[in-house]
Amino acid sequence: LLSTSRLVAKPKRSALNQLTRALLRNYNCGVRPVHNWTTPTTVYMDLILQSVLDVDGKTQSITTSIWYRQIWTDEFLVWDPEEFDGITEISLSSDAIWIPDVIVSEFVDEGKSPPIPYVYVNSSGSVKNNRPMQVVLACNLQMYAFPFDKQNCSLTFRSWLHSVQEIDLALLRSAEAIANDKRKFMNDGEWELLSIPSHYWKIHHGDKGYAHIQFNVLIRRRPLLYVVGLLIPSIFLMLVDVISFYLPLDSRTRITFKVSILLGYTVFRVNLTDELPATAVSTPLIGVFFVVCMALLMLSLIKSIVVVKLLHHSEKEVKQLSVSACLLDKYASAGHGFTQSTLTSINTLDHVHQSTGEPDTA
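Here is a short report on the structure shown in this document. (Residues numbered from 1 in each chain as written. Predicted model: local features only at pLDDT ≥ 70, side-chain atom pairs only at ≥ 80, totals over all residues. Heavy atoms only, no water.)

In this section: the packing of aromatic side chains. Applying the stated criterion to the full structure yields 7 aromatic pairs. Seen from their ring centres, Trp72 and Trp98 are 6.3 Å apart, and the 85° between their planes marks the pair as edge-to-face. Placement of Trp72 in strand S2 (residues 61-73) and of Trp98 in the loop between strand S3 (89-93) and strand S4 (102-104) is noted, with a sequence separation of 26 residues between them. We classify Trp72 as buried; its relative accessible area is 0%. Across from the ring centre of Phe245, 4.0 Å away, lies the NZ or CZ of Lys258, which sits over that ring. (Phe/Tyr/Trp six-rings, centres within 6.5 Å; stacked < 30°, edge-to-face > 60°. Helix = DSSP H or I, 4+ residues; strand = E, 2+ residues; numbered from the N terminus. Buried < 20%, exposed > 50% of the residue type's maximum accessible area, 1.4 Å probe, protein only. Lys NZ or Arg CZ within 6 Å of the ring centre and 35° of its normal.)

Here it is as structure tokens:
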């Protein structure tokens, strides 16, 4: 009888549940959270670069992994911690509250960024939106000095719609602290982080101004991999080609050796095509270097072919070439002594030819 009359007590709601219901009961996420509409909402921003994943010279884009932080004050999310069991900070869904429409101007693709559906709110109304981002940014890449190049890519944050009278931007830390912060950067890759300078500026359209915060990511490529894999082998092949001139002129293997060097260099270049940056704007200096090396190898081969051809001329062809050279030389240098000098050169050649014991065919 006592058990049937005993009332089952309803479980008491937790203080966290009560606080969440109290904050979001009459909350409108489409309204900027200020009591006085003339008061601008200041969004404090911070950026930490974690790694440079890819630099594409053909599409003029760079893929980076960053840690992005936003902090602003929501005047509608304020409570007294003593009324809610001493709770000073809670997490709320980012879809349930107002979020500033801050975007990156150079944004091309979001990449593989993990979704973070929550933000932190403390009792004073301060909202913290921290999330990692993998972003693909448009960047004016200068590839001429590859692999000794430096790049300067910018991330410009601004409000998509609101003017500075509604949403203003500010740096969470000092510009010097952001520029020299490298503790989270993966510094063992191809790129070295130099600094991240930042500055605040406004753009005026009509009677309204729009706040911008720009972070310049200054990076430098580590050239050791390309020096060892591209430049040093090319220089070695050029030195081998120069040493090949010490082979005897009448050696049958001289031309074969030079052709082998040229073919080896061609195969070397084809295999390393993917290592060079592809850009449609300008040719990298290392590409010009490879073309010059190829041209010098071609000229070396042509020179060897001409020398071998001259060595295999008959005595008659050598004599005709010598006479022609004398005629051209004397005709260009002297006028009246042309005939006598030419006959003297021919008689000298005949005398040398008869001294060898061979009959004269002229």
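Relative to the assigned elements, Asp181 resides in the loop between helix H3 (175-179) and strand S10 (191-195). Here the side chain of Asp181 touches Arg183 through a polar contact of 2.7 Å, side chain to side chain. Excluding anything up to four places from it in sequence, Asp181 contacts Ile48, Arg173 and Leu193. (Polar contact = N/O pair within 3.5 Å; in protein donor to acceptor, adjacent residues only side chain to side chain. Contact = heavy atoms within 4.5 Å.)

As a further point, take the packing of helix H5 (residues 253-271) against helix H6 (residues 285-311). Remark: H5 packs on H6, axes separated minimally by 10 Å, with the N-to-C direction vectors making an angle of 165°. What the angle tells us is that H5 and H6 run roughly antiparallel. Like other packed secondary-structure pairs, H5 and H6 cross with a definite hand, here left-handed. Here H5 contributes Arg254, Ile255, Lys258, Val259, Ile261, Leu262, Tyr265, Thr266 and Arg269 to the contact with H6, which in turn contributes Phe290, Cys293, Met294, Leu297, Met298, Ser300, Leu301, Ser304, Ile305 and Val308. Tallied by class, the residues present in the contact of H5 with H6 amount to 13 nonpolar, 3 polar and 3 charged. (Axes fitted to C-alpha atoms, helices over the stretch in contact; angles between N-to-C directions. Parallel < 35°, antiparallel > 145°, perpendicular 65-115°, else oblique. Left-handed = near helix turned anticlockwise from the far one by under 90°. Nonpolar A, V, L, I, M, F, W, Y, C, P; charged D, E, K, R; others polar.)

This part covers the pattern of salt bridges. In total, this model carries 8 salt bridges according to the counting rule given. One salt bridge connects Arg173 with Asp46, and the closest N-O pair in it is separated by 3.0 Å. In this pair, Arg173 sits in the loop between strand S9 (167-171) and H3 while Asp46 sits in strand S1 (residues 41-56), placing the two residues 127 residues apart along the sequence. Taking relative accessible area as the criterion, Asp46 reaches 1% and is therefore assigned buried. Linking Arg221 and Glu190 is a salt bridge whose minimum nitrogen-to-oxygen distance equals 2.6 Å. In this pair, Arg221 sits in strand S12 (residues 208-221) while Glu190 sits in the loop between H3 and S10, placing the two residues 31 residues apart along the sequence. When salt bridges that share partners are traced, they join Asp46, Arg69, Arg173, Asp181 and Arg183 into one network. (Salt bridge = Lys/Arg side-chain N within 4 Å of Asp/Glu carboxyl O.)

On to the pairing of strand S6 (residues 118-122). Bridging between S3 and S6 involves 5 bridges; their strand directions are antiparallel. Directly across from Leu92, in S6, lies its bridge partner Val119. As paired elements, S6 and strand S7 (residues 126-138) share 2 bridges and run antiparallel to each other. In the strand pairing of S7, Tyr120 is matched with Lys128. Here S6 folds back onto S7, and the loop between the two strands holds 3 residues, one of which, Gly125, carries a positive phi near 95°. (Pairing = 2+ DSSP bridges.)

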